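Given next are the chains, with one letter for each unit.
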Amino acid sequence: MPELPDVTVYVERLAQRSVGQVLRRVQLLNPFVLRTAVPPIASAQGRRVLGVERLGKRVVLCLDGELFLVLHLMIAGRLRWLAPAAKSPGKIALARLDFDDGSLLFTEAGSQRRASLHLVQGRAALAALDAGGLDVLRCDGAAFGERLRSENHTLKRALTDPRLFSGIGNAYSDEILHRARLSPLALTRALGDEDVRRLHEATRAVLDEWTARLRDEADRAGGWPDKVTAFHPQMAVHGRFGQPCPDCGSPVQRIVYASNECNYCARCQTGGRLLADRSLSRLLKASWPKHLDELG
């Protein structure tokens, strides 16, 4: 799922291409992508783009007349910029927004069709789509700590809860927790003040660093982020199960749950203790290793 750094770069590059332009046509290439009926989608056509914003993990095109086109990429949604005469691809295309200088293509791989497009009228209607998560790049340490401890959850769950924090998902939460040297299963209300301070600093640093890195990658790709993914070889732990931690060399571990997994370094984050995997630990029971040193 595209997260804060990916969405930020999308917003910046889309703003460069669309602000001041007139949205000539909205083509719905898959009717299920549109999740609103009022105002009608045709009312967006002929409107000038006044700005592009990020709302959590959503991309928002602000049109004149206080209309807002809201694109939620979910897991497999992506954005492409096409030349004016370019054709849309087949099955993955959801919607196309045509401007004089090019077109924004909204795509989604797979068949689950979770990505969505909303058209809403007025700032109040736009705010209703916001889950309410804190913008971690704009808040101070006190506000961050207060929000973190407002509910007692594991750190992994808290960081990825859009009601608590805005724009953080599975990938960058792994990176943040590794940078902060904290267990993904530590409880938020059990953290000391120093832990909270370290987590706040790690959150800001990781998101800032990856946003800058993705901007550079987009520049090298011709100005548009064409290869948005949750897996990067430069990441410390996310998606690197079994590979060496870049800081200590120990093999990266994982916890598998539902369709996701959490990656962490036992040496750096849990004092060498292996966290219980819901599937494997139940299967192996007494044979499940409790410490990194027990692994063969």
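Thoughts on the packing of helix α1 (residues 4-18) against helix α6 (residues 193-220)
The axes of two packed helices give the description: the angle between them and the distance between them.
Next, step 1: Their axes nearest at 8 Å, the elements α1 and α6 cross at an angle of 45°. Classified by the interaxial angle, the pair formed by α1 and α6 is oblique. For the pair α1 and α6, the sense of crossing is right-handed. The residues of α6 that touch α1, namely those facing L4, P5, D6, T8, V9, E12 and R13, are L207, W210, T211, L214, R215, A218 and D219.

Re helix α5 (residues 170-180)
Residues spaced three or four apart along an α-helix point in a common direction, a consequence of the helix completing one turn every 3.6 residues.
Next, step 1: Within α5, nine of the 11 residues are buried, leaving the element largely enclosed by the surrounding structure.
Next, step 2: Turning to α5, its buried residues are A171, Y172, S173, D174, E175, I176, L177, H178 and A180.
Next, step 3: Of the surrounding secondary structure, the elements contacted by the buried residues of α5 are α1, α4 (155-160), α6, β11 (260-264) and α7 (266-269).
Next, step 4: Looking at the residues trailing α5, positive phi occurs at R181, about 60°.

Describing the confidence of the model for the chain
Next, step 1: Predicted confidence across the chain gives a mean pLDDT of 93, with 94% of residues reaching 70 or more.
Next, step 2: Predicted confidence is poor over residues 280-287, with pLDDT under 50, and the contacts of this stretch with residues over four places away or in other chains come to five contacts.

A short note on the packing of helix α3 (residues 141-148) against α6
Next, step 1: As a packed pair, α3 and α6 sit with axes 10 Å apart at the nearest point and diverge in direction by 110°. When the interaxial angle is binned, α3 and α6 end up roughly perpendicular. Residues G141, F144, G145 and L148 of α3 form the contact with α6, whose own contacting residues are V196, L199, H200 and T203.

Topic: the environment of R157
Next, step 1: Tracing the sequence through the fold places R157 in helix α4.
Next, step 2: Taking the C-alpha atoms as reference points, R157 and T188, separated by 31 residues in sequence, lie 9.6 Å from one another.

Observations regarding unusual backbone geometry
Next, step 1: A cis amide bond, omega -5°, links V38 with the succeeding residue P39.
Next, step 2: Its place among the elements puts P39 in the loop between β2 (25-28) and β3 (47-55).
Next, step 3: Positive phi values are uncommon outside glycine, yet E66 reaches one of about 55°.
Next, step 4: Look at E66 and you get partly exposed, because its relative accessible area is 43%.
Next, step 5: Its identity is not glycine, yet M74 carries a phi of approximately 55°, on the positive side.
Next, step 6: Taking the relative accessible area as the measure of exposure, M74 reaches 24% and is therefore partly exposed.

With respect to the sheet that holds β2
Next, step 1: Ordered by their spatial adjacency, four strands build an open sheet running β2-β7-β8-β6, and the pairing between neighbours is antiparallel. Either end of the sheet is taken by a strand with one partner, and the two such strands are β2 and β6 (77-82). Going across the sheet, the axis of each strand differs from the next one's by a mean of 15°, ignoring polarity.
Next, step 2: Here β2 runs beside strand β7 (residues 93-99); their pairing, made up of four bridges, is antiparallel. If you follow L28 over to β7, its bridge partner there is A95.
Next, step 3: Of the strands in this sheet, β6, β7 and β8 (102-108) are in contact with α1, which crosses β6 at around 30°.

With respect to the packing of aromatic side chains
Next, step 1: Counted by the stated rule, this structure contains five aromatic pairs.
Next, step 2: Ring centres of Y10 and W224 lie 6.0 Å apart, and the angle between their planes is 45°; this geometry places the pair in the tilted category. Of the two residues, Y10 sits in helix α1 while W224 sits in the loop between α6 and β10 (253-257), which places them 214 residues apart along the sequence.
Next, step 3: When its relative accessible area of 4% is taken as the criterion, W224 is described as buried.

A short note on the side chain of T270
Next, step 1: Its location among the elements puts T270 in the loop between α7 and α8 (280-284).
Next, step 2: T270 sits in the buried class, given a relative accessible area of 12%.
Next, step 3: One polar contact links the side chain of T270 to the main-chain carbonyl oxygen of A266, over a distance of 3.1 Å.

Thresholds applied
- Every chain is numbered on its own, with residues counted from 1 as its sequence reads.
- Selection of residues for local features in this predicted model requires a pLDDT of at least 70, selection of side-chain atom pairs for listing and counting requires 80 or more, and totals for whole chains, interfaces and linings are taken over all residues.
- To obtain the side-chain values, all non-hydrogen atoms of the structure were included, while hydrogens and water were left out.
- For helices, the fitted axis covers only the stretch in contact; all axes are lines through C-alpha atoms, and the angles between them, taken along N-to-C directions, range from 0 to 180 degrees.
- Working definition: helices are DSSP H or I runs of at least four residues, strands are E runs of at least two. Numbering for both runs from the N terminus.
- An angle below 35 degrees is treated as roughly parallel, one above 145 as roughly antiparallel, one from 65 to 115 as roughly perpendicular, and anything else as oblique.
- Two helices cross in a left-handed way if the nearer one is turned anticlockwise from the farther one by less than a right angle. They cross in a right-handed way if the turn is clockwise.
- Contacts are assigned to residue pairs with any non-hydrogen atoms lying within 4.5 Å of each other.
- Remark: exposure states derive from per-residue accessible area (1.4 Å probe, protein chains only) relative to the maximum for the residue type, with buried under 20%, exposed over 50%, and partly exposed in between.
- Each residue carries a pLDDT score, the predictor's own confidence in it, on a scale running from 0 to 100.
- Any two strands with at least two DSSP bridges between them are considered paired.
- For Phe, Tyr and Trp, rings pair up if their centres lie within 6.5 Å, where Trp contributes its six-membered ring, and each pair is then called stacked (planes under 30 degrees apart), edge-to-face (over 60) or tilted (otherwise).
- Counted as a polar contact is a pair of N or O atoms within 3.5 Å, where, for protein atoms, one must be capable of donating a hydrogen and the other of accepting one, and residues adjacent in sequence contribute only when both atoms are in side chains.

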